[in-house]
Amino acid sequence: SNGVPDAKNLRVKLVLLGDSGVGKSCIVLRFVRGQFDPTSKVTIGASFLSQTIALQDSTTVKFEIWDTAGQERYAALAPLYYRGAAVAVIVYDITSPESFNKAQYWVKELQKHGSPDIVLALVGNKADLHENREVPVQDGMDYAEKNGMFFIETSAKTADNINQLFEGFTSLFY
Ligand code: GTP
Ligand code: MG
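Figured I'd write up the structure that's included with this text. Keep in mind that this is a model prediction, so the values were computed, not measured.

Reading the values: rules and limits
- Residues numbered from 1 in each chain as written.
- Chains lettered and ligands numbered in written order.
- Predicted model: local features only at pLDDT ≥ 70, side-chain atom pairs only at ≥ 80, totals over all residues.
- Heavy atoms only, no water.
- Pairing = 2+ DSSP bridges.
- Helix = DSSP H or I, 4+ residues; strand = E, 2+ residues; numbered from the N terminus.
- Right-handed = clockwise from strand over helix to strand, strands pointing away.
- Salt bridge = Lys/Arg side-chain N within 4 Å of Asp/Glu carboxyl O.
- Buried < 20%, exposed > 50% of the residue type's maximum accessible area, 1.4 Å probe, protein only.
- Donors = N, O, S within 2.8 Å, 3.2 Å for Na, K, Ca; no water.
- Expected span 1.5 Å × (residues − 1).
- Contact = heavy atoms within 4.5 Å.
- Axes fitted to C-alpha atoms, helices over the stretch in contact; angles between N-to-C directions.
- Near = heavy atom within 4 Å.
- Polar contact = N/O pair within 3.5 Å; in protein donor to acceptor, adjacent residues only side chain to side chain.
- Areas by Shrake-Rupley, 256 points an atom, 1.4 Å probe, with all protein chains shown as cover.
- Nonpolar A, V, L, I, M, F, W, Y, C, P; charged D, E, K, R; others polar.

1. Examining the pairing of strand 6 (residues 150–153)
In step 1: As paired strands, strand 5 (residues 119–125) and strand 6 are joined by four bridges and run parallel to one another. Its bridge partner being in strand 6, Val123 is matched across the sheet by Ile152.
In step 2: Read as a crossover between parallel neighbours, the route from strand 5 over helix 4 (residues 137–146) to strand 6 is right-handed.

Okay, structure coming up:
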């Protein structure tokens, strides 16, 4: 062997969960299309998008992304999307303590009913709105650490940490 690893094509099923309005659809739109939509519409049911990224050693990772609807009326559908997911990304809005509480609800739900080997990530979105911050970064970090989760703050608006969020998962699967 010349030490060059064989090319691999990996698939990672990922689900986003979290309160309505925290920016789940905007995070996905930013990752998949490099765009931001300030007039983003609430998601109905769920939407599916995929994005393939190339890693250095000619491995590709295809993310199959379920972007769920955060409105309460859709909560009962969530298991359809997190069942079978390798990664669950639980999103809150750093300007909304209520959305941080809701994120904790989703963590507990996944710990109870998700697959035991699902990888959990906690994401504080809208980091660009730091002047209106109501959830200290330390609170997110502490909660994530206690629950064995990844943690990152992002902004779908400025693109801050969006690629880092997804790229962070790739090493887990190869
Ligand atoms: P549901 O589909 O109802 O669950 O909501 P969602 O979590 O998908 O929220 P969505 O992505 O539609 O974003 C809601 C609102 O927040 C929109 O007005 C977005 O433009 C805005 N938004 C999303 N991400 C950011 C961000 O990083 N910064 C700022 N300032 N606004 C954001
Ligand atoms: Mg949405």
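2. Considerations on the pattern of salt bridges
In step 1: For the structure on display, the rule yields five salt bridges.
In step 2: Note that Lys62 and Glu64 form a salt bridge whose closest N and O atoms lie 3.9 Å from each other.
In step 3: The class for Lys62 is partly exposed, based on a relative accessible area of 31%.
In step 4: Judged by its relative accessible area of 13%, Glu64 falls in the buried class.

3. A short note on the coordination of the magnesium ion (ligand 2)
In step 1: Around the magnesium ion (ligand 2), the protein supplies Ser25 (OG) and Thr43 (OG1) as donor atoms, at distances of 2.1 Å. Of this pair, Ser25 sits in helix 1 (residues 24–33) while Thr43 is found in the loop between helix 1 and strand 2 (46–54), placing the two residues 18 residues apart along the sequence.

4. Points about the pairing of strand 1 (residues 9–18)
A regular strand places its side chains so that they alternate between the two faces of the sheet.
In step 1: Counted residue by residue, strand 1 has seven buried out of 10 residues, so it is predominantly covered.
In step 2: The pairing of strand 1 with strand 3 (residues 60–68) spans eight bridges and is parallel. Its bridge partner lying in strand 3, Val12 is registered against Phe63.
In step 3: Relative to strand 4 (residues 87–93), strand 1 is paired through five bridges, and the arrangement is parallel. Following the sheet pairing, Leu16 is matched in strand 4 by Val89.

5. Considering helix 3 (residues 97–113)
Because each turn of an α-helix spans 3.6 residues, side chains separated by three or four positions in sequence point in the same direction.
In step 1: A rise of 1.5 Å per residue sets the reference length of helix 3, with its 17 residues, at 24 Å; its end C-alpha atoms lie 24 Å apart and thus fit the reference within 8%.
In step 2: Buried within helix 3 are the following residues: Ser99, Phe100, Lys102, Ala103, Gln104, Trp106, Val107, Glu109 and Leu110.
In step 3: Summarising the contacts, the buried residues of helix 3 are in contact with strand 1, helix 2 (78–82), strand 4, strand 5 and helix 4.

6. Here we look at the environment of Val22
In step 1: In this structure, Val22 sits in the loop between strand 1 and helix 1.
In step 2: Counting along the chain gives 47 residues from Val22 to Ala69, while the straight-line C-alpha distance between them is 11 Å.
In step 3: Setting aside its immediate chain neighbours within four residues, Val22 contacts Val91, Tyr92, Asp93, Ser99, Asn125 and Lys126.

7. Structural notes on the sheet that holds strand 3
In step 1: Judged by pairing direction, the sheet is mixed, and its six strands sit side by side in the order 2-3-1-4-5-6 without closing on themselves. Looking at strand neighbours, the two that pair on one side only are strand 2 and strand 6, the edges of this open sheet. Taken pair by pair, the neighbouring strands of this sheet meet at an average axis angle of 25°, ignoring direction.
In step 2: The strands touched by helix 5 (residues 162–170) are strand 1, strand 2, strand 3, strand 4, strand 5 and strand 6; relative to strand 3, the strand with the most contacts, the crossing angle is about 120°.

8. Examining the site of ligand 1
In step 1: As a structural note, the neighbourhood of ligand 1 is formed by 24 residues, with Ser20, Lys24, Ser40, Gly70 and Asp128 the closest of them.
In step 2: Between an oxygen atom of ligand 1 and a side-chain N or O atom of Lys126, the distance comes to 3.0 Å.
In step 3: Alone, ligand 1 offers 660 Å² of accessible surface; in the complex the protein occludes 89% of this.
In step 4: Examining the composition of the shell around ligand 1, we find that three residues originate from one element, helix 1, more than from any other.
In step 5: A per-class count over the shell around ligand 1 returns eight nonpolar, nine polar and seven charged.

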